[in-house]
Amino acid sequence: MLRTTTRQRSIPTGGREHERDEREREREESSMAGGCCGESEEKGERGGGCCGPKAPPPSCCGPNITSACCDGEEDLTKVQEGVKEYYGEVLKSTNDLRTSACTSCEKPNPKVAQVLNKIPKQVTERFYGCGFPVPLGIENMRLLDLGCGTGRDCYIASALVGEEGKVTGVDMTPQQLEVAQAHAEEYCKGGLGYAKSNMSFVSGYIEDLSSIEPGSIDLAVSNCVVNLSTSKEKVFEELERVLAPGGEFRFSDVFSDRVLPAEMQNHKVLVGECLGGAMEVNQFLSMAKNAGFMTPLMVSKTPIEVHDKELAAILGDTKFDSITYRVFKIPEGDRLGEEDSKTVSYNGSLELSEGADFVS
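Predicted model only: the values in this text are computed from it and were never measured.

Observations regarding the overall build of the protein chain
Then, number 1: In terms of regular secondary structure, the protein chain is built from 12 helices and 8 strands.
Then, number 2: When each of the 360 residues of the protein chain is scored for burial, the buried share is 47%.
Then, number 3: Long-range contacts, defined as pairs at least 24 residues apart, comprise 75% of the intrachain contacts of the protein chain with a sequence gap of at least 6.
Then, number 4: Accessible surface computed for the protein chain: about 19,200 Å², of which carbon and sulfur atoms make up 48%.

See below:
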């Protein structure tokens, strides 16, 4: 907050009206000089700045900041509504994308590829993701998909958890949820031979998972969605709450090699293309640990290409990657310290995605 200094000056006898005018002028100058939000010296009220009647400058408060400086709730709502519009109305298929961020994927495991062939075209053609976060070996698990969109990963998980497993998808875009719900019953019964669908879809925000019972999820996944969140810390806090002890969050998302400036964070198309909200890797690692998770483990990493010349000019030499991470919720008492480290041997029995690496 900037301080203003009042100069001493003499006022002629009887110049009370002049004195009042001078004080009014000083209050206005003080308000304007108060940085992002000036404060009145007499009442401590908000002055002009970015919180006054004029719109705030772009550098005042980015989309991931909520403070007394700006009306954070209003800013976050604008970003969320912009994402809804981009995915619900602007994008009609993957052909409308201007970068590879939402389509940058490694090859799926052959078993997953077989499942993909059964998923209705209406689901896959409007699905935007940057990886295949749903792993094999998840029979009978309770799976949660954050920002499920049209539900492609839910449909994959539906087949992999089996008829006794349960899949829940959460998304805030009505147009995409409508597609996900429309084909679920037919897919499960006709495509998988189940007696009924093991999928359910919930309209909501990934920052608020109040519809999910605490400790009721074995595995949470998301596919190029966390970057769209206006409160990423809240996403990890909510995940820590809903995951069961020993549960895992496995997600593919967009990461940047630096903290992005406000110009990029506020750019509507960059945000919609999953670049504007990309997390810098070290920021993410700290965020996950602060929420109570163990150190995240990297599974795969793929460079992202920006085809659009206009967007490339704005991004400059900033580099982006699609990375898949595994994040575990392990109670403090069950964690192994360095003195407890063990040596293990892999016997070759696990089914892996093509090109997947082991992490330690």
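Next comes the rest of the description.
Observations concerning the confidence of the model for the protein chain
Then, number 1: Per-residue confidence for the protein chain gives a mean pLDDT of 77, with 66% of residues at or over 70.
Then, number 2: No element of the protein chain has a lower mean pLDDT than helix α1 (residues 16–32), which averages 45, and none a higher one than strand β1 (residues 142–146), which averages 98.
Then, number 3: The low-confidence segment residues 1–20, where pLDDT is below 50, has 12 contacts with residues more than four positions distant or belonging to other chains.

With respect to the pairing of strand β2 (residues 166–171)
Then, number 1: Counting buried positions along β2 yields 5 of 6 residues, so the element is predominantly enclosed.
Then, number 2: By the bridge criterion, 5 bridges tie β1 to β2 in an arrangement that is parallel. Within β2, the position partnered with L144 by the bridge is T168.
Then, number 3: For the segment spanning β1, helix α5 (residues 152–161) and β2, crossover handedness is right-handed.
Then, number 4: Taken together, the 5 bridges between β2 and strand β3 (residues 199–203) define a ladder with parallel strand orientation. Considered in β3, the bridge of V170 is made with V202.

Remarks on the pattern of salt bridges
Side-chain pairing between opposite charges can occur once the charged atoms of the two side chains come close.
Then, number 1: Applying the stated criterion across every chain yields a total of 9 salt bridges.
Then, number 2: Among the salt bridges present, the one from R258 reaches D257, with a minimum N-O distance of 2.9 Å.
Then, number 3: We classify R258 as partly exposed; its relative accessible area is 31%.
Then, number 4: Overall, D257 belongs to the partly exposed group, its relative accessible area being 40%.
Then, number 5: Through salt bridges with shared partners, a single ionic network connects D257, R258 and D317.

A look at the nonpolar core
Then, number 1: Formed by 29 residues in total, the largest nonpolar core has its most connected members in V134, L143, Y155, I156, M199 and F201.
Then, number 2: Broken down by secondary-structure element, the contributors of at least two residues to this core are α3 (110–116), α5, α6 (174–182), α7 (184–191), β3 and β4 (217–223).
Then, number 3: No other element matches the 6 residues that α5 contributes to this core.
Then, number 4: With 27 residues, the next largest nonpolar core counts L209, F249, F255 and F284 among its residues.

Observations regarding helix α8 (residues 232–242)
Then, number 1: When we look at burial in α8, the residues that qualify are K232, V235, F236, E238, L239 and V242. Viewed end-on, α8 has its buried residues packed into an arc of 160 degrees, placing them on one side of the element.
Then, number 2: Packing partners of the buried residues in α8 comprise β1, β4, β5 (243–256), β6 (279–280) and α11 (281–290).

Concerning the packing of aromatic side chains
Then, number 1: Using the criterion set out here, one finds 12 aromatic pairs in the structure.
Then, number 2: Aromatic side chains F236 and F284 sit 5.8 Å apart centroid to centroid with 45 degrees between the ring planes, which places their arrangement in the tilted category. Here F284 lies in helix α11 and F236 lies in helix α8, a separation of 48 residues in the sequence.
Then, number 3: Using a relative accessible area of 0% as the deciding quantity, one classes F236 as buried.
Then, number 4: Look at F284 and you get buried, because its relative accessible area is 0%.
Then, number 5: Ring pairing ties together the aromatic residues F236, F249, F251, F255, F284, F293 and Y325, which thus form one cluster.

Some thoughts on the environment of V242
Then, number 1: Checked against the element boundaries, V242 lands in helix α8.
Then, number 2: Excluding anything up to four places from it in sequence, V242 contacts L144, L209, I212, E213, P214, G215, S216 and I217.

What counts and what doesn't
Residues numbered from 1 in each chain as written. Predicted model: local features only at pLDDT ≥ 70, side-chain atom pairs only at ≥ 80, totals over all residues. Heavy atoms only, no water. Helix = DSSP H or I, 4+ residues; strand = E, 2+ residues; numbered from the N terminus. Buried < 20%, exposed > 50% of the residue type's maximum accessible area, 1.4 Å probe, protein only. Contact = heavy atoms within 4.5 Å. Areas by Shrake-Rupley, 256 points an atom, 1.4 Å probe, with all protein chains shown as cover. pLDDT = per-residue confidence, 0-100. Pairing = 2+ DSSP bridges. Right-handed = clockwise from strand over helix to strand, strands pointing away. Salt bridge = Lys/Arg side-chain N within 4 Å of Asp/Glu carboxyl O. Core = buried A, V, L, I, M, F, W, Y, C linked by side-chain atoms within 4.5 Å. Arc of directions from axis to C-beta. Phe/Tyr/Trp six-rings, centres within 6.5 Å; stacked < 30°, edge-to-face > 60°.

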